[in-house]
Amino acid sequence: MESHNGITAIARHAAITTTAPITTAIKAANAPRRISSLAASVAAGKLDGERFNSTANFSPSIRSLPVTNIASDDFSVLKRINEINAELAATNLESDRSFPPNLGSETTLASTESIAQHHASATARQSEKEIQRQQPVSDNDRQQITFFESVLSDPDAADFAKIKFAPLVKARIRSGSGIPATLRRRIWLWLAGANIRTHAKPVPNFTPNSRFDKIIRQDLGRTFPEHPLFKVENGAGQKSLYNVLTAYANYDDDCGYCQGLSFLIAPLLMQDGMTETEAFAIFVRLMEESGGSSAVDPRRFALRSLFISDMPGLHLILHQHTELLRIYLPALDQSLSVLGITPTMYASQWFLTLFTYSFPLDLVFRIYDLILSEGAVSTLLKFSFAILRRNEPILLATAAQDNGFEECLNILRGENVLKVYMGNIAVLIEDALILDSVISDSNLETFSA
């Protein structure tokens, strides 16, 4: 699967291995119950089909999880943790308790130093402080920081999957600018459950893997080559990326390493203070195929299925994306089909890299926030569909041109697809979040084999 462009190679592999009989069988098995389920939703008033199909009438507005879903005793918990914080502030005490606990602290690992220790110089830190002084914290950001610090300080909130006020946390993540950048490392560890000792058992093994060492090293320079952390060959960032990729190849022999995994791990290492061991722990949780069966914690990540042999998870999510396009954007679906453009040609790259390959990092981090708090597949499909829906008028006009095939692909690949947002990623996030009633784990079951 090696090539100069690893992600293109994966997309090409996906296109080759997705055979017509498999696709036909999946569609045939699901069409009756899918259509009847969606028709019932429209009839019951759960889905405004006319509004949803009309791009002209589309007016994005965020739909956060309603606060009314939270029981009164949950607010008591929040009140208590705020009181604890107030007491600590009043006595001017600083807790020396690490939250989350340092993973693998029992084991001496030479390569678990913080990326910040490797990468940031005193000058860079001073420049960052100057920028922060020039950009005062907004009231919304200050409220977000206060809220998440309160949650993290609560001893009863050690396991996100079990806390009673999880819906309120999810609503906060959806609102404003999402998780504060200064807390993102701690919150991601917490959301992933990587701070819980039961999920911290895998100790990373950084010994070079003979099967995958060559291809891992080849991909280091292709991963965010312009980012300061990874641009220096054999620099601290590339070494840390190599270590985490190697550790996972040693941990999961069946999956090993697949081109594209480096783009999933790099954003974890970009978080200030994130160690290689912590990034490894979060990544293991994201790849795990368990989870999602509990009503308490319906999230499911299961990214591993996108990368193992035959890529069943990739085939499934591409099929789900195709069906959403066919049902809700039929004109665009028809135009792209006539041109011979299939989702494999553009969406494979989105899904295999969690949109990290060419999208701005501030958007990527928000997508990670939502994946970790709400689950992977539904989040990825919300964003992929929202992007197509917002670009539908442009794509329809472009498809009618003589060079429609090339121009449509130019829009769908890379950052061109975001030009319609004119740099305002908040609108894209709103576009995605209003799709809750259409794209949810329960609704997506109707698109599964």
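Please read all numbers here as calculations on a predicted model, not as lab measurements.

**Regarding the side chain of serine 262**
Position of serine 262 relative to the elements: it lies in helix 12 (residues 261-269). What serine 262 contacts, discounting residues up to four positions off in sequence, is Asp219, Thr223, Leu241, Leu245 and Tyr257.

**Comments concerning the packing of helix 9 (residues 184-192) against helix 13 (residues 276-287)**
Where helix 9 contacts helix 13, the two axes come as close as 9 Å, and the packing angle between them is 40°. As judged from the angle between their axes, helix 9 and helix 13 are oblique. As for how helix 9 packs across helix 13, the hand of that crossing is left-handed. Taking contact as the criterion, the partners of Arg185, Trp188, Leu189 and Ala192 in helix 9 are, on helix 13, Glu278, Ile282 and Arg285. Broken down by class, the residue content of the contact of helix 9 with helix 13 amounts to four nonpolar, no polar and three charged.

**Let's talk about unusual backbone geometry**
Within the chain, alanine 302 stands out as a residue other than glycine whose phi angle is a positive 55°. Structurally, alanine 302 can be placed in the loop between helix 13 and helix 14 (312-328). In the Ramachandran plot, phenylalanine 355 falls in the positive-phi region, its phi being about 70° despite a non-glycine side chain. When you line up the elements, phenylalanine 355 lands in the loop between helix 16 (347-352) and helix 17 (361-374). Accessibility expressed as a relative area gives 2% for phenylalanine 355, which makes it buried.

**Structural notes on the nonpolar core**
Trp190, Trp350 and Phe351 are the most contacted members of the largest nonpolar core, which has 115 residues in total. In terms of residues, this core owes the most to one element, helix 18 (residues 377-399), which gives nine residues. Residues within four places of tryptophan 350 in sequence aside, it is in contact with Phe355, Phe359, Ser384, Ile387, Leu388, Leu412 and Val417.

**What to know about the packing of helix 15 (residues 330-339) against helix 18**
It is at 10 Å that the axes of helix 15 and helix 18 come closest, and there the two elements cross at 45°. As summarised for this structure, helix 15 and helix 18 are arranged oblique, according to the angle between their axes. Relative to helix 18, the crossing made by helix 15 is left-handed. Every residue of helix 18 that contacts helix 15 at Ala331, Leu332, Ser335 and Leu339 is listed here: Leu388, Glu392, Leu395, Leu396 and Ala399. Looking at the contact of helix 15 with helix 18 residue by residue, the class counts come to seven nonpolar, one polar and one charged.

**Let's talk about the environment of aspartate 436**
Secondary-structure assignment places aspartate 436 in the loop between helix 20 (425-433) and helix 21 (441-444). Taking the C-alpha atoms as reference, aspartate 436 lies 9.5 Å from threonine 379; in sequence the two are 57 residues apart. Within the local environment of aspartate 436, its side chain forms a polar contact with the side chain of lysine 382, the two groups lying 2.7 Å apart.

**Quick notes on the packing of aromatic side chains**
Tallying each qualifying case throughout the model produces 14 aromatic pairs. Ring geometry for tyrosine 251 and phenylalanine 280: centres 5.8 Å apart, planes at 85°, overall edge-to-face. Within this pair, whereas tyrosine 251 is found in helix 11 (residues 236-251), its partner phenylalanine 280 is found in helix 13, the two being separated by 29 residues in sequence. The partly exposed category is assigned to tyrosine 251, whose relative accessible area is 39%. Ring centres of phenylalanine 263 and tyrosine 357 lie 5.2 Å apart, and the angle between their planes is 65°; this geometry places the pair in the edge-to-face category.

**Looking at the pattern of salt bridges**
Tallied over the full model, the rule gives 14 salt bridges. With a closest N to O distance of 2.8 Å, arginine 222 and aspartate 219 form a salt bridge. The class for aspartate 219 is buried, based on a relative accessible area of 4%. A salt bridge links arginine 304 to aspartate 254; its shortest N-O distance comes to 4.0 Å. Here arginine 304, found in the loop between helix 13 and helix 14, pairs with aspartate 254, found in the loop between helix 11 and helix 12; they are 50 residues apart in sequence, far enough to count as distant. The network of salt bridges with shared partners includes Arg174, Glu374, Lys382 and Asp436.

**Thoughts on helix 8 (residues 166-174)**
For helix 8, the buried fraction is high: seven of the nine residues fall into the buried class. All buried positions along helix 8 are accounted for by Ala166, Leu168, Val169, Lys170, Ala171, Ile173 and Arg174. Of the residues flanking the end of helix 8, it is glycine 176, one or two places downstream, whose phi is positive at about 55°.

**Observations concerning empty space enclosed by the protein**
Across all of its chains, the model carries two cavities of 30 Å³ or more by this definition. One number sums up the size of the second largest cavity: a volume of about 30 Å³. Within the residue set of the lining of the second largest cavity, elements represented by two or more residues are helix 17, helix 18 and helix 20. Top contributing element to the lining of the second largest cavity by residue count: helix 18, with three residues. When its residues are assigned to classes, the lining of the second largest cavity shows four nonpolar, one polar and two charged.

Quick notes on the rules
- Along every chain, residues carry numbers that run from 1 in the direction the sequence is written.
- Confidence filtering applies because this is a predicted model: local features only for residues at pLDDT of at least 70, side-chain atom pairs given and counted only at 80 or more, and all residues used for totals across whole chains, interfaces and linings.
- Side-chain descriptors were evaluated using all non-hydrogen atoms of the structure, hydrogens and water having been removed beforehand.
- Secondary structure elements follow DSSP: runs of H or I of four or more residues count as helices, runs of E of two or more count as strands, with numbering from the N terminus.
- By definition in these notes, contact holds between two residues if any of their heavy atoms fall within 4.5 Å.
- Helix axes are fitted to C-alpha atoms over the stretch in contact, other axes to C-alpha atoms as well, and angles between N-to-C directions run from 0 to 180 degrees.
- Convention used here: angles under 35 degrees read as roughly parallel, angles over 145 as roughly antiparallel, angles from 65 to 115 as roughly perpendicular, and any remaining angle as oblique.
- Two helices that cross are described as forming a left-handed crossing if the nearer one is turned anticlockwise from the farther one by less than a right angle, and a right-handed crossing if clockwise.
- Residues were grouped as follows: Ala, Val, Leu, Ile, Met, Phe, Trp, Tyr, Cys and Pro as nonpolar; Asp, Glu, Lys and Arg as charged; and all remaining residues, including Gly, as polar.
- The cut-offs for exposure are 20% and 50% of the maximum accessible area for each residue type, with area from a 1.4 Å probe on protein chains only; residues under the lower value are buried, those over the upper are exposed, and the others partly exposed.
- Side-chain atoms within 4.5 Å link the members of a nonpolar core, which is a set of buried Ala, Val, Leu, Ile, Met, Phe, Trp, Tyr and Cys residues.
- Any pair of nitrogen or oxygen atoms within 3.5 Å is treated as a polar contact; in protein, a donor-acceptor pairing is required on top of that, and neighbouring residues in sequence qualify only through side-chain atoms on both sides.
- Stacked, edge-to-face and tilted labels apply to pairs of Phe, Tyr and Trp rings (six-membered ring for Trp) whose centres lie within 6.5 Å, assigned for plane angles under 30 degrees, over 60, and everything in between, in that order.
- One side-chain nitrogen of Lys or Arg within 4 Å of one carboxyl oxygen of Asp or Glu is enough to make a salt bridge.
- The definitions used throughout rest on a 1 Å grid laid over the protein atoms alone, on which a cavity is an enclosed set of points accommodating a 1.4 Å probe that cannot get out and a pocket is an open set flanked by protein within 12 Å on both sides along at least five of seven lines; lining residues are those having an atom within 4 Å of a point.
- Grid points are joined across faces, edges and corners, and a volume is the space filled by probe spheres set on the points.

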